[in-house]
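Overview (structure and organization)
Each chain, letter by letter, is given below.
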Amino acid sequence: MLRLVSASKPASAALLIKVAPSTSLAGRRTFASTSARQADITLTVDGKEVTVPQGSALIQACEAAGSTVPRFCYHDRLAIAGNCRMCLVEVERSPKPVASCAMPAMPGAKVWTNSPLVHEAREGVMEFLLANHPLDCPICDQGGECDLQDQSMRYGADRTRFHEITGKRAVEDKDLGPLVKTSMNRCIQCTRCVRFANEVAGVEELGTTGRGNDMQIGMYVEKTMNSELSGNVVDLCPVGALTSKPYAFHARPWELKHTDSVDVMDAVGSNIRVDSRGVSVMRVQPRPNDDVNEEWISDKTRYAYDGLRFQRLTVPLIKQGDRFVSASWEDALAAIADGLRASGAQGDEIQAVAGHLADTESMVALKDLINRLGSDNLTLDSVGGHAAPVHAVDVRSNYLFNATLPGVEQADCILLVGTNPRHEAAVLNSRIRKSWMHTTLEVGLIGERVDTTYGYDYLGADAKAVADFVAGKSEFAKKFKSAKKPLIIVGSAVTEHADGAAVYNALAKYVEQNKSQLVTPEWNGFAVLQRVASRPAAYEMGFVPSRKASQTKPKFIYLLNADEADPKSIPRDAFVVYQGHHGDLGAQLADVCLPGAAYTEKGMTWVNTEGRAQMGRAAVPPPGASREDWKIIRALSELVDAPLPYDDVLSLRDRMWEISPTLVRYDTLESTSVEAALAGLKTLAAGTANAKVSGAPFVKPISNFYQTDPISRASVTMAHCTRAFVKGENYGFSELSSKPEAAYA
Amino acid sequence: MLAARLPKRVPRLPPPVRRIHSSPCRRSDALFVHRDTTYNNPKIPFEFTSENMKRAQEIISHYPPQYKKAAVIPLLDLGQRQNKGWTSISVMNYVAKLLEMPPMRVYEVATFYTMFNREPIGENFVQICTTTPCMLRGAYDIVDTVCNHFGGIKPGDTTKDGKFTVIEVECQGACSNAPMMAVNDDFYEDLTAETTKKVLEAFAKGQKPKPGPQSGRHTSENSAGLTALASKPYGPGEFCTPEFQ
Ligand code: SF4
Ligand code: FES
Ligand code: FES
């Protein structure tokens with residue numbers, strides 16, 4: 001059994017009545033400590049001197065010395081379990097080999113990782129592990145990337161001594177839901193999955209039952225693993241016990257081409273590796289990046305890829321009557337030019353709408369084209385996107401996640417306003433949880449009550465709660481005032497809310513007043529959490545309408561990946577062009593559809609919520625006649641007599657550099673200076689003065705985490721997840737499943 | 001026509017089937033997952049009686065409030081006692097709720113310790129030790145005696161009338177009085193076939209025989225009488241100078 005620092009979900013067993021009144025949650029978190037910075041120590045590994053920080057595990061010291069130590073249970077991002085014994089090394093003056101992952105490095109120690117004793121120890125451990133492990137590698141999905149397979153080749157004995165007829169341990173498979181496939185006979189009880197579920201994902205239902213040879217991993221009761229990070233256990237499992245259900249038996253790792261890319265399912269910009277075979281994406285894996293996603297990705301990032309195969313637009317389509325007819329590119333582009341002329345749209349009547357999955361290059365091209373056509377009507381595909389956002393876009397720090405993603409872990413008090421990071425940025429949420437578990441972090445929430453995987457003080461649901469907080473009316477507000485590194489996370493839905501302006505106004509003033517803690521050279525505690533991959537870049541390049549333009553009724557509408565548009569907002573007589581990769585909502589509204597490339601098919605720039613520009617790369621070619629999006633716009637510009645001045649992507653990026661150099665400074669962050677940030681807040685406060693409060697409660701913008709964009713809506717796997725986790729059909733332990741509002745507080 | 005030329009159908013032996021080779025599985029004697037049954041499902045209510053609740057609060061008060069969950073074992077035991085000697089899923093859920101810990105953490109404890117019975121047991125719980133010292137002193141005879149006494153049941157079974165459940169257990173720490181068995185909370189030691197039967201008969205009648213060695217000896221003293229330290233031990237201060245006496 002693992003002893004974990006844990007905070008439990010309230011088991012909402014309505015039947016267990018009359019229990020002792022529960023004490024406040026704060027009393028439940030126990031190991032609160034801030035780690036002190038420690039001195040370095042020096043030791044010798046395989047005759048090489050290494051210096052590591054005090055308190056590192058011996059395995060880390062060995063790693064630092066360049067000696068690989070085989071392991072199964074140890075993982076740098078999880079608690080240490082020390083139960084597989086594969087990491088045995090020889091230490092001077094120790095009578096037995098020691099488990100290097102569970103042993104702190106000692107100054108002056110002499111360690112050998114390659115001695116006969118160690119070899120023998122590893123061989124022995126390997127033999128024990130294999131004693132109960134089925135020899136089913138040919139039919140195991142982990143084959144080719146299995147730690148057990150690799151390490152038994154490298155460190156195991158060359159023959160078996162296992163001739164017992166009593167048989168191997170047999171464990172029944174568990175049903176963890178539509179994402180994780182189990183084959184529990186293969187489990188070697190490293191408990192990585194259990195530690196991940198409990199520490200990182202906040203699924204405290206996964207554990208070990210039984211003991212000794214009968215120990216097994218599971219939930220004891222019938223339950224699925226309801227977490228938006230569950231797919232990561234597939235990567236963590238060193239054997240084939242937990243494998244990916246959608247990917248089961250689809251490919252072997254050695255057939256796959258790996259392409260490093262960036263995820264676009266949310267605005268975190270998780271680093272991913274797209275594994276493809278031929279023209280199809282076979283799976284998506286995380287790529288470690290400590291500054292962004294550590295080593296995790298959300299289930300939508302990982303499993304929505306099958307949506308790339310369905311509902312695709314592969315040829316240009318022109319609407320004739322009430323049906324679409326496929327056309328050649330020439331005809332389609334000419335039809336658009338004709339449509340533009342016929343619609344008689346002039347100036348601001350030409351509207352461009354940038355959707356969730358529009359890449360930066362295409363947005364820049366579209367903006368340039370629309371501007372060249374004399375219009376300023378640049379709209380975002382969101383509620384209220386036809387007007388400029390309340391926070392304006394002149395100062396970056398007003399709409400970016402200034403505290404940075406790793407910075408969240410430094411905060412000692414976090415206020416969430418109108419956001420549920422668990423669904424809007426699942427990986428960020430795990431960071432908050434990590435910090436909440438290991439430090440004295442306090443979290444407060446204004447907005448709809450949600451299950452966040454950590455405890456929070458609930459402060460209210462509307463703009464009034466924000467006002468109360470600013471006025472210091474609650475216990476939490478006082479704590480927040482006295483915090484050293486306070487952090488306010490404002491959800492992107494606040495901008496879309498009727499009271500958005502009032503909330504921004506109140507918060508901007510509050511931050512200004514408390515700038516000694518909130519805005520310092522080291523810390524900027526005002527962070528806006530965007531949830532849409534294209535949004536930060538759109539703000540960055542000023543893809544927003546002028547005031548005059550926002551009041552104009554459009555006659556020609558160009559939807560670039562815009563699939564959330566309200567059909568009613570589109571005038572009946574307007575000529576509509578949809579450019580995108582899926583036949584989703586946007587395409588239905590269109591008069592001409594132009595097939596674009598999805599994020600795995602183009603090498604484009606994405607800016608995440610921190611303002612970090614990252615380069616996605618094309619893993620597979622776009623299907624059929626579809627083209628890279630900026631090229632389509634470039635081609636169109638010729639036909640509408642407003643040719644764009646770039647012919648290749650490099651000159652387009654030069655143009656991006658002109659607009660904002662941060663758009664092309666890849667993988668770095670440029671923090672806003674204190675002066676600029678404060679000036680930004682001042683303009684923000686001034687721009688939102690006199691805002692009225694309607695008092696409508698904030699609602700979470702994402703009600704179904706698994707289906708938020710055309711790709712995930714086309715994905716069969718995500719549909720299964722929706723059924724299993726959102727609607728709760730077929731799966732789940734009816735009695736104990738928690739109510740949606742069962743918050744931790 | 002052609003058919004005539006076909007060889008006559010002779011009954012053939014089925015071709016030797018080549019099975020996919022598999023090693024037999026080794027099963028465990030208990031199930032380490034929960035299955036809903038009519039007698040064990042989370043819908044069956046359970047809660048401590050007011051008396052047990054008081055005790056539970058007492059137990060919880062032994063631990064610092066943030067380590068309340070340390071009380072999980074004693075509380076599960078309390079629940080097991082109240083629930084006719086077995087820990088149902090409702091007991092576990094209730095304890096989890098009471099200690100504000102995720103239910104899984106309680107399931108882990110309850111499945112780890114074999115003393116928590118996760119299936120119903122009879123009125124009297126007979127646990128016969130068969131670990132080495134007891135075994136050397138004839139524990140298996142005792143097992144046979146008990147099983148035959150109950151009409152040939154096997155260890156792990158409950159008698160038809162639901163009065164007794166018999167299991168084999170590991171060392172109970174009474175090796176000096178081997179062989180032994182525990183019935184409910186009491187140890188019956190120095191057993192022979194006869195005394196075993198006597199004990200069980202008494203229980204069947206609803207009586208409770210005197211626990212301890214059934215051979216008449218006092219605790220684990222030498223059954224042949226004391227051979228050393230036979231004299232009376234001297235009391236405190238006996239040989240001291242008068243002022244200390
Ligand atoms: S299922 Fe995989 S990760 Fe989990 S304990 Fe077993 S081997 Fe480890
Ligand atoms: S890696 Fe050290 S014991 Fe498993
Ligand atoms: S061996 Fe039976 S009690 Fe110790």
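Residues numbered from 1 in each chain as written. Chains lettered and ligands numbered in written order. Predicted model: local features only at pLDDT ≥ 70, side-chain atom pairs only at ≥ 80, totals over all residues. Heavy atoms only, no water.

1. With respect to the overall build of chain B
Helices and strands together make up the secondary structure of chain B, namely 8 helices and 6 strands. Beginning at the N terminus, the succession of helices and strands in chain B can be written as α-β-α-α-α-α-β-α-α-β-β-β-α-β. For chain B, the proportion of its 245 residues judged to be buried stands at 40%. Pairs at least 24 apart in sequence give 59% of the contacts found in chain B among residues at least 6 apart. When the accessible area of chain B is evaluated, it comes to approximately 15,500 Å², of which 57% is carbon and sulfur surface. (Helix = DSSP H or I, 4+ residues; strand = E, 2+ residues; numbered from the N terminus. Buried < 20%, exposed > 50% of the residue type's maximum accessible area, 1.4 Å probe, protein only. Contact = heavy atoms within 4.5 Å. Areas by Shrake-Rupley, 256 points an atom, 1.4 Å probe, with all protein chains shown as cover.)

2. What about the site of ligand 1?
As a matter of local geometry, ligand 1 sits amid 13 residues, with A:C187, A:C190, A:T191, A:C193 and A:C237 nearest to it. Tallied by class, the residues present in the shell around ligand 1 amount to 10 nonpolar, 2 polar and 1 charged. (Near = heavy atom within 4 Å. Nonpolar A, V, L, I, M, F, W, Y, C, P; charged D, E, K, R; others polar.)

3. Describing the domain arrangement of chain A
All names here are of chain A. By domain assignment, chain A separates into domain 1 (2–131), domain 2 (135–245), domain 3 (317–392 + 535–663), domain 4 (401–529) and domain 5 (710–744). Taken together, the contacts link 27 residues of domain 1 with 25 residues of domain 2. Of the roughly 2,300 Å² buried between domain 1 and domain 2 on both sides combined, carbon and sulfur atoms contribute 58%. The interface formed by domain 1 and domain 2 contains 1 salt bridge. The shortest N-O distance in the salt bridge between R161 and E127 comes to 2.8 Å. For the pair domain 1 and domain 2, the interface holds 9 residue pairs in polar contact (both at pLDDT 80 or more). Classifying every residue of the side of domain 1 that touches domain 2 gives 16 nonpolar, 5 polar and 6 charged. (Domains from an automatic or database assignment. Buried area = accessible area lost by both parts, 1.4 Å probe. Salt bridge = Lys/Arg side-chain N within 4 Å of Asp/Glu carboxyl O. Polar contact = N/O pair within 3.5 Å; in protein donor to acceptor, adjacent residues only side chain to side chain.)

4. Considering the packing of helix α2 (residues 50–60) of chain B against helix α4 (residues 89–99) of chain B
Residue and element names in this part refer to chain B. Packing of α2 against α4 leaves a shortest axis separation of 12 Å and a crossing angle of 50°. As judged from the angle between their axes, α2 and α4 are oblique. Crossing handedness for the pair α2 and α4: right-handed. Here M53, A56 and I60 of α2 come into contact with α4, specifically with Y94, L98 and L99. Considering only residue class, the contact of α2 with α4 consists of 6 nonpolar, no polar and no charged. (Axes fitted to C-alpha atoms, helices over the stretch in contact; angles between N-to-C directions. Parallel < 35°, antiparallel > 145°, perpendicular 65-115°, else oblique. Left-handed = near helix turned anticlockwise from the far one by under 90°.)

5. Let's talk about the packing of aromatic side chains
Residue and element names in this part refer to chain A. A complete count under the given rule lists 21 aromatic pairs over all chains for this structure. With 6.2 Å between their ring centres and 35° between their planes, F469 and F476 make a pair best called tilted. Judged by its relative accessible area of 2%, F469 falls in the buried class. For F476, a relative accessible area of 1% gives the class buried. By the ring-pair criterion, three or more aromatic residues cluster together here, those being F469, F476, F480 and Y510. K300 extends its terminal NZ or CZ atom over the ring of F705, reaching a point 4.7 Å from the ring centre. Its guanidinium or amino end placed over the ring of Y458, R449 lies 4.1 Å from that ring's centre, counting from NZ or CZ. (Phe/Tyr/Trp six-rings, centres within 6.5 Å; stacked < 30°, edge-to-face > 60°. Lys NZ or Arg CZ within 6 Å of the ring centre and 35° of its normal.)

6. Some words on the pattern of salt bridges
Residues and elements named next belong to chain A. A complete count under the given rule lists 51 salt bridges over all chains for this structure. With a closest N to O distance of 2.9 Å, D275 and R283 form a salt bridge. Here the two residues D275 and R283 agree in accessibility, since each one is buried. Between E349 and K555 there is a salt bridge, with the nearest N and O atoms lying 3.8 Å from each other. With E349 in the loop between α7 (329–343) and β16 (350–354) and K555 in the loop between α17 (547–550) and β23 (556–560), this pair connects stretches of sequence that are 206 residues apart.

7. Things to note about the nonpolar core
Residue and element names in this part refer to chain A. The biggest cluster of nonpolar side chains holds 148 residues, and the ones touching the most others in it are L43, F543 and L594. Among the elements that take part in this core, α7 stands out by supplying 7 residues, more than any other. In this structure, L43 is in contact with K48, E49, V50, V52, L58, A61, A105, M106, G108, A109 and V111, ignoring residues within four places of it in sequence. In terms of nonpolar packing, the next biggest core, distinct from the first, is built from 34 residues, I446, F480, Y504 and L678 among them. (Core = buried A, V, L, I, M, F, W, Y, C linked by side-chain atoms within 4.5 Å.)

8. Observations concerning the pairing of strand β19 (residues 442–446) of chain A
In the case of a regular strand, side chains alternate between the two sheet surfaces. Residue and element names in this part refer to chain A. Of all the 5 residues making up β19, 4 are buried; the element is thus mostly covered by neighbouring parts of the structure. As paired elements, strand β18 (residues 413–417) and β19 share 5 bridges and run parallel to each other. Directly across from C413, in β19, lies its bridge partner E442. Two strands pair when backbone bridges link them, and β19 and strand β20 (residues 457–460) are joined in this way by 3 bridges, in the parallel orientation. The residue of β20 that forms the bridge with I446 is G460. (Pairing = 2+ DSSP bridges.)

9. Regarding the sheet that holds strand β25 (residues 592–595) of chain A
Strands pair in a sheet through their backbones, by hydrogen bonds, and they do so in one of two ways: parallel or antiparallel. Residues and elements named next belong to chain A. Across the sheet, which stays open at both edges, the 7 strands sit in the order β15-β14-β25-β24-β23-β16-β17 with mixed pairing between neighbours. Pairing within the sheet leaves two strands with one partner each, and these edge strands are β15 (323–326) and β17 (377–380). Neighbour to neighbour, the strand axes of the sheet diverge by 20° on average, direction disregarded. As paired strands, strand β24 (residues 575–580) and β25 are joined by 4 bridges and run parallel to one another. Opposite G580, over in β25, you have P595 as the bridge partner. The sheet contacts of α7 involve β14 (317–320), β16, β23, β24 and β25, and relative to β25 the element is tilted by about 140°.

10. With respect to the UniProt feature "domain: 4Fe-4S His(Cys)3-ligated-type" (unreviewed entry) in chain A
UniProt's entry tags residues 117–156 of chain A with the feature "domain: 4Fe-4S His(Cys)3-ligated-type" (unreviewed entry), counted in the numbering of this structure. For residues 117–156 of chain A, helix accounts for 60% and strand for 0%, while the C-alpha atoms at its two ends are 14 Å apart. (UniProt positions renumbered as here; feature names shortened; annotations may be inferred.)

11. Quick word on the sheet that holds strand β6 (residues 212–213) of chain B
Residues and elements named next belong to chain B. One open sheet holds the 5 strands; their spatial order is β3-β2-β4-β5-β6, and the pairing between them is mixed. Sheet topology places β3 (164–169) and β6 at the edges, where each strand pairs with a single neighbour. Looking at chain direction, strand β4 (residues 181–183) and strand β5 (residues 186–189) are connected through 3 bridges and run antiparallel. Paired with V183 across the bridge in β5 is D186.

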